[in-house]
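Architecture at a glance
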Amino acid sequence: MTLLFLVAIILIIYYLFIYKEAYKNIFGQINGKKCPNCGNPIESNYNVCPVCKETLRKKCPDCGKMVDINWKYCPYCEVQLRKGENG
Ligand SMILES: [Zn+2]
Ligand SMILES: [Zn+2]
């Protein structure tokens with residue numbers, strides 16, 4: 001009886017641990033950005049992808065601060081980063 005109880009406790013702890021890891025992975029995927037070139041998960045403060053060296057951020061030509069390559073305008077100095085695009 002005691003042995004069964006112990007096995008049950010161990011199984012519960014084991015499953016809780018697995019679910020915790022699974023939730024962490026799902027949570028990380030929702031919050032995390034992915035490299036547009038290779039799909040590798042990247043941190044928002046990365047300048048290049050650590051796997052394929054895809055450029056993720058560049059320097060603003062006006063104020064020199066790091067800006068996302070997808071941004072159209074610099075949030076720091078309001079300069080237009082992409083030219084020839086309407087919208
Ligand atoms: Zn990449
Ligand atoms: Zn700027």
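Sequence order sets the numbering: in each chain, residues are counted from 1 along the sequence as written. The naming scheme follows written order: chains are lettered A onward, ligands numbered 1 onward. Under the rules for a predicted model, residues below a pLDDT of 70 receive no local features and side-chain atom pairs below 80 are neither given nor counted, while totals for whole chains, interfaces and linings still include all residues. Hydrogen atoms and water are omitted, and side-chain values are computed over all heavy atoms in the structure.

1. Observations regarding the coordination of the zinc ion (ligand 2)
- Donor atoms (N, O, S) are those found within 2.8 Å of the metal centre, with the cutoff raised to 3.2 Å for Na, K and Ca; water is not part of the atom list, so apparent gaps in a site can occur. Coordination of the zinc ion (ligand 2) by the protein comes from Cys 60 (SG), Cys 63 (SG), Cys 74 (SG) and Cys 77 (SG), over a distance range of 2.2 to 2.4 Å.
- Irregular is the label for any site that misses the other tests, which are tetrahedral for four donors with all angles between 85 and 135 degrees, and square planar for four donors or octahedral for six when opposite donors exceed 155 degrees and the remaining angles lie between 65 and 115. Each of the four donor atoms bound to the zinc ion (ligand 2) contributes to angles spanning 106 to 115°, and the resulting shape is tetrahedral.
- Mapped onto the sequence, the residues coordinating the zinc ion (ligand 2) show the spacing C-x2-C-x10-C-x2-C.
- Remark: exposure states derive from per-residue accessible area (1.4 Å probe, protein chains only) relative to the maximum for the residue type, with buried under 20%, exposed over 50%, and partly exposed in between. With relative accessibility at 3%, the residue Cys 74 sits in the buried group.

2. What to know about the coordination of the zinc ion (ligand 1)
- Around the zinc ion (ligand 1), the protein contributes the donor atoms Cys 35 (SG), Cys 38 (SG), Cys 49 (SG) and Cys 52 (SG), at 2.2 to 2.3 Å from the metal centre.
- Geometry at the zinc ion (ligand 1) is tetrahedral, judged from the four donor atoms that bind it and their angles of 107 to 117° at the metal.
- Counting gaps between the donor residues of the zinc ion (ligand 1) yields the pattern C-x2-C-x10-C-x2-C.
- Judged by relative accessible area, which is 4%, Cys 35 ranks as buried.
- Of the residues examined, Cys 38 reaches a relative accessible area of 37% and is grouped as partly exposed.

Distances and angles like these do not, on their own, reveal function.
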